[in-house]
Structures are given as structure tokens and as C-alpha cells.
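# Architecture at a glance
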Amino acid sequence: MTEHLYPTDSYRREFDAVVTATEGQAVALERTAFYPGGGGQPHDLGTLTWQGGAAKVIKVQKQGDEVWHTLDGDVPPVGTSVHGVLDWQRRYQLMRTHTALHVLCGVVWRDYGALVTGGNMDPLQGRMDFEFETMHKELVAEIEATVNAEIEKAHPLRVATLPREQAFQIPDLIRTKINLLPPQIQEVRTVEIVGLDLQADGGTHVANTREVGRVRVVDYKSKGAINKRIYIELDAEA
Ligand SMILES: [Zn+2]
């Protein structure tokens with residue numbers, strides 16, 4: 001079973017670990033800071049190095065509690081001590097983008113009562129689908145202005161782990177698909193933008209909204225009678 005470093009320390013960009021299993025080009029490690037993907041956030045990229053060897057991590061996947069790192073090149077055998085380094089620029093951009101989507105989600109719910117139905121992201125760009133009947137230029141401009149105003153308020157983010165029963169009592173979590181969690185999941189990780197948004201979430205986020213920088217709403221699209229998609233972009237630097 002892999003110890004996951006990213007849920008409690010999203011700023012961790014290097015770590016040491018021992019290879020616990022191999023399968024073709026993939027290795028499992030006793031611990032990892034590589035995010036395996038999920039919730040619309042892509043998996044991390046980076047490198048593993050060890051005495052006499054090095055390989056790029058080109059894919060990361062979670063299988064049960066194990067995290068598998070697919071390598072491009074040599075595969076170190078079980079028992080090898082390795083040093084993992086994330087492609088930090090890309091991961092930090094994803095943390096900023098992920099956090100921006102939560103701000104958007106919080107604003108749209110608070111100000112318009114519209115639920116999120118889906119989302120996805122790449123570094124510095126993301127999209128989110130909402131249950132909106134109409135979407136138009138003025139509304140989009142208003143949402144963009146409010147999102148940036150909230151980012152500038154420098155809200156801290158808080159990450160917590162709650163027992164399932166307790167999480168299911170929180171109205172904000174119930175509206176964000178917590179019901180879809182498989183019954184065997186007994187603990188729920190929550191990510192809160194204090195004062196704005198609370199979600200059950202396994203991804204990585206920044207510690208304060210000021211790290212997000214300016215958000216631009218670059219497009220919107222109708223994806224059905226009650227589904228509207230909003231596209232955002234972030235600047236390379238906050
Ligand atoms: Zn999220």
C-alpha cells in the first residue's frame with residue numbers, strides 16, 4: 001500500500017521511497033508525491049532517479065491504495081531506493097487552475113444557485129459545466145469580475161478529512177455529488193475555500209486564493225437545455 005503524500009502536503013515536490021512492486025514499465029513505491037489523476041485534474045509528470053539510473057514518469061495511476069508510476073526507460077527492481085521529483089511548474093499551474101475552478105464553482109452557486117455538473121482542466125486552463133438555463137455575454141462578464149474579486153480577497157484554503165457520516169451531514173457537500181462516493185470509502189477529504197466553497201475533493205490546491213492570480217473567462221457554450229459550459233484561463237504567473 002502506497003503512502004500518499006499529496007493529500008496532506010500538496011507543496012511537496014521531491015521525496016525518497018523504495019520500490020515495492022514492478023509490473024512491466026510501472027513501479028509502485030512505498031510513498032509518493034505524484035498525484036495519480038482524478039476529479040478532472042490530470043496526473044503528475046516528473047522523474048525518478050536512483051543509483052546508476054534515471055527515468056521519466058510519463059503516467060501515474062491509482063489502483064486500490066497502490067499508486068503506479070509508468071516509466072519511460074529503465075525500471076528499477078523491487079527494493080531500489082529512488083528519489084522522485086515532480087514537474088513542479090506543471091503541477092503548480094494545475095493547483096492554481098484547480099483552485100480557480102473552485103472559486104468559480106463557489107461564486108456561481110452563491111450568486112446564481114447553479115449546480116456544477118462536470119469539469120476538467122489542463123495547466124492554466126479549465127472548463128466547468130453548470131445547470132444554467134441561459135448564459136450570455138453580460139452574465140459571463142459579471143461572473144468573471146466576481147471570481148477575480150473573490151481571488152483578491154486572499155481566502156485561505158483548508159483541507160480536512162472527515163468520517164463519512166459526518167461529511168454526509170454537511171449541506172454544502174451533499175450538493176456536490178458526495179452521494180456518488182462508493183460505500184467502502186469511510187473517510188471523506190474536504191477542501192474548503194474559507195467563506196466561499198466546500199467540496200469533497202481528492203485533488204491538489206494552493207493554500208490561498210491569492211496564488212491563483214487573474215482568471216479570464218475566455219468562452220462559454222451551451223451543452224443542452226440546462227447545461228452551460230464556462231471556459232477559463234489563468235496567467236502563467238500569479
Ligand atoms: Zn476540485
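Here goes a summary of the coordinates provided. (Residues numbered from 1 in each chain as written. Predicted model: local features only at pLDDT ≥ 70, side-chain atom pairs only at ≥ 80, totals over all residues. Heavy atoms only, no water.)

## A short note on the coordination of the zinc ion
The criterion, for reference: Distances up to 2.8 Å from the metal define which N, O and S atoms are donors, and 3.2 Å serves for Na, K and Ca; water is absent from the atom set, so sites may look incomplete. Under the scheme used here, helices are H or I runs from DSSP no shorter than 4 residues and strands are E runs no shorter than 2 residues, and both carry numbers assigned from the N terminus.
Surrounding the zinc ion are the protein donor atoms His98 (NE2), His102 (NE2) and Asp201 (OD), at 1.9 to 2.1 Å. Mapped onto the polypeptide sequence, the residues donating to the zinc ion form the spacing pattern H-x3-H-x98-D. Remark: Asp201 occurs in the loop between strand S13 (197-200) and strand S14 (215-222) and His98 occurs in helix H1 (residues 88-112); sequence separation between them is 103 residues.

## A short note on the pairing of strand S7 (residues 66-72)
Worth spelling out the cut-off: For every residue, the accessible area obtained with a 1.4 Å probe (protein chains only) is divided by the maximum for its type, and the residue is called buried under 20%, exposed over 50%, and partly exposed between those limits. By definition, two strands form a pair when at least two bridges between them are found by DSSP.
Within S7, five of the seven residues are buried, leaving the element largely enclosed by the surrounding structure. As paired elements, strand S3 (residues 26-29) and S7 share three bridges and run antiparallel to each other. Pairing of Ala28 across the sheet is with Trp68, part of S7. With seven bridges connecting them, strand S6 (residues 53-63) and S7 associate as antiparallel partners. Looking at S7, one finds that Gln61 is bridged to Trp68. Here S6 folds back onto S7, and the loop between the two strands holds two residues, one of which, Gly64, carries a positive phi near 65 degrees.

## Examining the side chain of His205
Rules: Think of a polar contact as two N or O atoms within 3.5 Å of one another; within protein, one of them needs to be a possible hydrogen donor and the other a possible acceptor, and neighboring residues in sequence only count if both atoms come from side chains. Residue contacts follow a heavy-atom distance rule, with two residues in contact if any of their heavy atoms lie within 4.5 Å.
Residue position: His205 is located in the loop between S13 and S14. A polar contact of 3.2 Å, which involves the side chain of His205, links it to the side chain of His98. Here the side chain of His205 touches His102 through a polar contact of 3.3 Å, side chain to side chain. Once residues within four sequence positions are removed from consideration, His205 is found in contact with Ser10, Tyr11, Met95, His98, Thr99, His102, Leu157 and Val191.

## A look at the sheet that holds S3
We apply this condition: Orientation is described by axes fitted as lines to C-alpha atoms, over the contacting stretch for helices, and by angles from 0 to 180 degrees between their N-to-C directions.
In space, the six strands of this closed barrel follow the order S2-S3-S7-S6-S5-S8, with antiparallel pairing throughout. Averaged over all pairs of adjacent strands, the angle between their axes in this sheet comes to 45 degrees, without regard to strand direction. In terms of strand pairing, strand S5 (residues 46-50) meets S6 through five bridges, oriented antiparallel. Each residue of the ladder has a partner; that of Thr49, found in S6, is Ala54.

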